[in-house]
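Observations on the three-dimensional arrangement
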Amino acid sequence: MITLEQKHLALLEDAEHRGHADTQNIRVCFEVLTLAAAIDQACAARLAPHRLSEGKFVLLFLLRDLPQGLAPHELADKAGVTRATITGLLDGLQRDGLLARHSDSQDRRKISVRLTEQGQALAQHLLDEHSQWIGSLFAGFDQAERETLSALLKRAWLNVISSRAGCTEAATEEHP
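Quick look at the structure, then. Just so it is clear, the model here is predicted, and its values are computed rather than measured.

**Brief notes about the environment of F141**
Following the sequence through the fold, F141 ends up in the loop between α6 (117-136) and α7 (143-174). Looking at F141, the relative accessible area reads 33%, which means it is partly exposed. For F141, the residues in contact, after removing those within four places along its chain, are R146 and L149.

**Here we look at helix α5 (residues 83-95)**
End to end, α5 covers 18 Å across 13 residues, agreeing with the expected 18 Å (1.5 Å per residue, within 8%). Where the residues of α5 are buried, they touch α3 (54-63), α4 (72-79), β1 (99-103) and β2 (111-115).

**Considering the packing of α3 against α5**
Geometry of a packed helix pair, given as the angle between the helix axes and the separation of the axes. Following both chains from N to C, one finds α3 and α5 inclined at 80°, their axes separated by 10 Å at the closest point. Considering the angle they form, α3 stands roughly perpendicular to α5. Across from G55, K56, L59 and L60 in α3, the residues of α5 making contact are I86, L89, L90, G92 and L93. Class assignment for the residues of the contact of α3 with α5 results in six nonpolar, two polar and one charged.

**Observations concerning a nonpolar patch on the surface**
Nonpolar side chains collect at one region of the surface, where I2, L35, I134, L137, F138 and F141 lie side by side and expose about 460 Å² of accessible area between them. Note on placement: L137 falls in the loop between α6 and α7.

**Some details on the packing of α3 against α4**
At a minimum axis distance of 10 Å, the contact between α3 and α4 shows a crossing angle of 110°. Regarding the angle of α3 to α4, the classification is roughly perpendicular. Considering how the two elements wind past one another, α3 and α4 form a crossing that is right-handed. Along its contact with α3, which presents V58, L59, L62 and L63, the element α4 presents L75, K78 and A79. By residue class, the composition of the contact of α3 with α4 is six nonpolar, no polar and one charged.

How each quantity is defined
- Residues numbered from 1 in each chain as written.
- Predicted model: local features only at pLDDT ≥ 70, side-chain atom pairs only at ≥ 80, totals over all residues.
- Heavy atoms only, no water.
- Helix = DSSP H or I, 4+ residues; strand = E, 2+ residues; numbered from the N terminus.
- Buried < 20%, exposed > 50% of the residue type's maximum accessible area, 1.4 Å probe, protein only.
- Contact = heavy atoms within 4.5 Å.
- Expected span 1.5 Å × (residues − 1).
- Axes fitted to C-alpha atoms, helices over the stretch in contact; angles between N-to-C directions.
- Parallel < 35°, antiparallel > 145°, perpendicular 65-115°, else oblique.
- Nonpolar A, V, L, I, M, F, W, Y, C, P; charged D, E, K, R; others polar.
- Patch = residues over 30% accessible without salt bridge, like charges linked within 9 Å, V, L, I, M, F, W, Y side chains within 5 Å.
- Areas by Shrake-Rupley, 256 points an atom, 1.4 Å probe, with all protein chains shown as cover.
- Salt bridge = Lys/Arg side-chain N within 4 Å of Asp/Glu carboxyl O.
- Left-handed = near helix turned anticlockwise from the far one by under 90°.

Okay, structure coming up:
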């Protein structure tokens, strides 16, 4: 059994105290959240020696095979972050010598962001290392177990999507 965070234990204890019928489902949800948090923490610890956050790592990955680079707004869209966030991430990577901003020779308002040689080398090294690490997280699972886990997670995902729709409808009914 996964050791739950203190906040999850308190919520679970309260649900049990109130006689909530779905405490086992609540526990499983908290176990998934705890696993996800542990993976995030381990990922951050692996990237920290390279002075990288997950956001910066994603940008290295996105730019790795694009020698022509990308415009900052395109990079923000691909990374799923705001333009304000992308500026801070790019500033940090540029400060560390991992990327450079280049003006377009025809239109100086256009900027492309490209990895430096140092950035390219780090991206390649980390992507290989990171892929191996991620793959190791489910080592020992056979194909059938991976398929079962994936199917179960998909069912939970669909429940989340369904509950989101219900929340939106309830909010609309309360505040037309």
